[in-house]
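# Inside the fold
Each chain is listed here by its residues.
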Amino acid sequence: MNDFVSDVVKNMPAYLFSELNRKKKALQEKGVDVIDLGIGAPDLPTPEFIYDVLVKEAKHPANHRYSPYSGNQEFKEAVASFYKKHYGVELDSNTEVLTLVGTKEGIVNLIQAVINPGDTVLIPDPGYPVYRMGVHLAGGDAVSLPLDKQNSYVPQYDALTKSEREAAKLLFLNYPSNPTAATVELSTFTEAVDFAAKNNILLAHDAAYDLITFDTYKSPSVLQVPNAKDIAIEFGTLSKSYNMTGWRIGYVVGNKEIIQALATLKSNIDTSQFLPIQLAAAAALQSDHRTVRENSAIFKKRMEKLYNALAEMGMTAYKPKGTIFLWVDVPDGFTSAGFADKLLDELGIIVTPGTAFGPGGEGHFRISLSVSEERLDEVIKRMKNLAG
Ligand SMILES: *Cc1c(COP(=O)(O)O)cnc(C)c1O
């Protein structure tokens, strides 16, 4: 048979989580009770009021047709009104909001829509692996924007060389952050918008964990920075805040020329999302977010339990104000991959080695708090055995 597979696919590193899933299956087949703290998806169910709307809307034949390319008007208006109420940001639902089939899709297609082969993209390191993969697919050049603990995982633009700064066309940021769980105040975005404007770079902020925050902390939007719309867009998703990962529904907001370019590209690819899913997501965004606050409280309790237990074992984690993650220092004498392998092989616990998120993740691993407190007790018990 001919070799049909393109170079771009051949040269793609395997998507980390499919690899972890294979390992997990193999261990389970051997009878190991594997605890998976690897995958960054909430374990809680989608709130009932959301799927009630899905079921109701799915019964209308008019909703079985194609959605408008750029998305359903009601959903886009719900996004705009969420931004107004939650952030005090005005958006034109016709030109500054676009429905996405999940933000992973939107991120990869955004890169296709703005990057020519050879163009430079600045990506947070450590960061969500899809940015680097998307740049690879577009033939672009991914340059790491180093984030480190000493600087609370806030970008250090001075760490870039002058030629990297000059070559950059697109910059990704993500707060609250996957994988570090770092959060920022608006001043970080003011600085980012300033850096982007000075260097003529498009700023794309990924706000996947915008509502999963603890206590009084409120995560800002990049669009709260005056004139941010000139140079910035922001991605949002229902996946994490409403436990809707499988539904595939998100949005992008901000600069209208970029939104238009992405809409044009996407109209040739996916023809948007199933209308009842968009209508159910609209109901979620229009809600009082009580369910998100309840879920965040659950994640916070899990985080504190594990954070305190790790501290007792002499392990150091970054104490987060949001997300569903703990970012933990690897004990002395181990690499990230070596320690993650040890946890899996000896304890049947899956965590994600920091290097899965870029070279800057070396020395750390990520725990996803997506299991019950009872299972976390079991994790703690097993880890104490390892320590003792
Ligand atoms: C989970 C996640 C996404 C993807 O969300 P979907 O809308 O489900 O595609 C995007 N960015 C980050 C940082 C994430 O952790």
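Residues numbered from 1 in each chain as written. Predicted model: local features only at pLDDT ≥ 70, side-chain atom pairs only at ≥ 80, totals over all residues. Heavy atoms only, no water.

If you look the chain up in an unreviewed UniProt entry, it shows as Aminotransferase class I/II-fold pyridoxal phosphate-dependent enzyme from Oceanobacillus profundus. Under Cofactor (unreviewed entry), UniProt gives the following word-for-word description of the chain: "pyridoxal 5'-phosphate". (UniProt positions renumbered as here; feature names shortened; annotations may be inferred.)

Below, the discussion takes up a nonpolar patch on the surface. Residues Val5, Val8, Val9 and Met12 make up a contiguous nonpolar surface patch of about 280 Å² in total accessible area. Topologically, Val9 is positioned in helix H1 (residues 7-10). Classification of Val9 by relative accessible area gives partly exposed; the value is 44%. (Patch = residues over 30% accessible without salt bridge, like charges linked within 9 Å, V, L, I, M, F, W, Y side chains within 5 Å. Areas by Shrake-Rupley, 256 points an atom, 1.4 Å probe, with all protein chains shown as cover. Salt bridge = Lys/Arg side-chain N within 4 Å of Asp/Glu carboxyl O. Helix = DSSP H or I, 4+ residues; strand = E, 2+ residues; numbered from the N terminus. Buried < 20%, exposed > 50% of the residue type's maximum accessible area, 1.4 Å probe, protein only.)

For the rest of this paragraph, the subject is the environment of Lys381. With respect to the helices and strands, the residue Lys381 is situated in helix H13 (residues 373-387). Judged by its relative accessible area of 53%, Lys381 is exposed. Distance from Lys381 to Ala309, taken between C-alpha atoms, is 9.6 Å for residues 72 residues apart in sequence.

With that out of the way, let us pick up the packing of aromatic side chains. Applying the stated criterion to the full structure yields 14 aromatic pairs. When the ring of Tyr128 is compared with that of Tyr131, the centres are 5.5 Å apart and the planes differ by 75 degrees; the resulting orientation is edge-to-face. An angle of 45 degrees between the planes, with centres 5.3 Å apart, marks the rings of Phe339 and Phe365 as tilted. Remark: Phe365 occurs in strand E13 (residues 364-368) and Phe339 occurs in helix H12 (residues 336-347); sequence separation between them is 26 residues. Residue classification places Phe339 among the buried residues on the basis of a relative accessible area of 3%. Judged by its relative accessible area of 1%, Phe365 is buried. Connected via pairs of aromatic rings, a cluster forms that spans Phe75, Phe82, Tyr83, Tyr87 and Tyr251. (Phe/Tyr/Trp six-rings, centres within 6.5 Å; stacked < 30°, edge-to-face > 60°.)

Counting buried positions along E13 yields 5 of 5 residues, so the element is predominantly enclosed. Here E13 shows no split at all, with His364, Arg366 and Ser368 on one side and Phe365 and Ile367 on the other all buried. As judged from the 2 bridges shared by strand E12 (residues 352-353) and E13, these two strands associate in the antiparallel manner. Bridged to Thr352 within E13 is Arg366. (Pairing = 2+ DSSP bridges.)

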